[in-house]
Structure formats: C-alpha cells, structure tokens
Amino acid sequence: MSIFIGGTGSANELEDYEEGSWTPTIASGSGSLSVHKATYTKIGRAVFIQFYFGINGTGSNSYNAVFTGLPFAVQGNGWTAAQVNTGLSNAGIHCRASQGSSQIDIKTTADNALTFAQLNGTWILSGIHYFTDS
C-alpha cells in the first residue's frame, strides 16, 4: 500500500506500510500465554508493536523470561528497550528487543533477568519501537 505524506509526488510516497497481529510465544521451557493483544505497525524499516498477555503454567520454568515471535527481526546492529507493566510489584521492569533476532527479553533493574517462574500467573503489557533490516 502506498501512502503519500505532504503531497502526491513520488518524493512524498511511502511504499512500505502494513499493520497486523503477531503471535508471542515462550522461548524456552513450559507454560502458555493468554494473548489479549499483540499488534504491529510497520512503516518503512520502523516497527511499532503493542502486546498484552497473561503468563500461565510457568511455575516450574526456571528459564529467563524471553518471548519470541516478533513480526520482523530486529536490525542486526541495534536494540531497543521499553518500560513494562506486569502483575509483579517489582519496579524497574523493562523489555529489550534483542538485535538480529525476533525476541524480547524481560529484565529487572540493573538489567537482571526475570524467570518465567517469577512471572507465573501474572501479565505483561507494553509497547516497543525498533528497526528492522528489511
């Protein structure tokens, strides 16, 4: 779909725009997600995602909280981070889109990892912006 910004000439044409949904999954170990919302908008190389999901059945999953399934891989030489709201009463939780991958890591203050066991029975809500190579 072509969109014109500021006029109808070819210099104002944006040729790469799409919207859709994506499917987050648990990267390692057991458990499931109850996805309430996982959407994206891609404009050129910029990708904006929103997500809200519950985390269930991960009480014995000691792996770090990493989710896969981003709609586009993060650019090879970049990363990004955003604040996350969760069902935990832990301040400073954030997510990081990992460079060259389709993953999001969930971290606490000082960039320490959270495990799925810690997040069991809670939820994650955030939005993040990143760039892709394509």
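Refer to the structure presented above.
Heads up: these notes are all about the structure in this document. (Residues numbered from 1 in each chain as written. Predicted model: local features only at pLDDT ≥ 70, side-chain atom pairs only at ≥ 80, totals over all residues. Heavy atoms only, no water.)

1. Topic: the sheet that holds strand β9 (residues 85-86)
The condition that has to hold: Two strands are counted as paired when DSSP detects at least two bridges linking them. Counting from the N terminus, the helices are the DSSP runs of H or I reaching at least four residues and the strands are the DSSP runs of E reaching at least two.
Strands sit in the order β3-β5-β6-β12-β9 across an open sheet of five strands; the sheet is antiparallel. Of all the strands in the sheet, just β3 (17-21) and β9 have a single pairing partner and so form its edges. As defined by bridge partners, strand β5 (residues 32-43) adjoins strand β6 (residues 46-56) across 11 bridges and the pair is classed as antiparallel. When the bridges of β6 are listed, Ile43 appears paired with Ala46.

2. As for the packing of aromatic side chains
Applied cut-off: Ring geometry is summarised as follows: Phe, Tyr and Trp rings, the Trp one being its six-membered ring, pair when their centres sit within 6.5 Å, and such pairs are stacked at plane angles under 30 degrees, edge-to-face over 60 and tilted between the two. Think of it in three bands: with a 1.4 Å probe and only protein chains considered, a residue is buried below 20% of the maximum accessible area for its type, exposed above 50%, and partly exposed in between. Two conditions define a charge located above a ring, namely a distance within 6 Å from the ring centre to NZ of Lys or CZ of Arg, and an angle within 35 degrees of the ring normal.
Going through the model one piece at a time under the given rule, you end up with six aromatic pairs. Here the aromatic rings of Phe51 and Phe53 are separated by 5.8 Å at their centres, their planes lie at 25 degrees, and the arrangement is stacked. As far as the burial class goes, Phe51 and Phe53 line up, both buried. Over the ring of Phe72 we find Lys42; its NZ or CZ atom is 5.2 Å from the centre of that ring.

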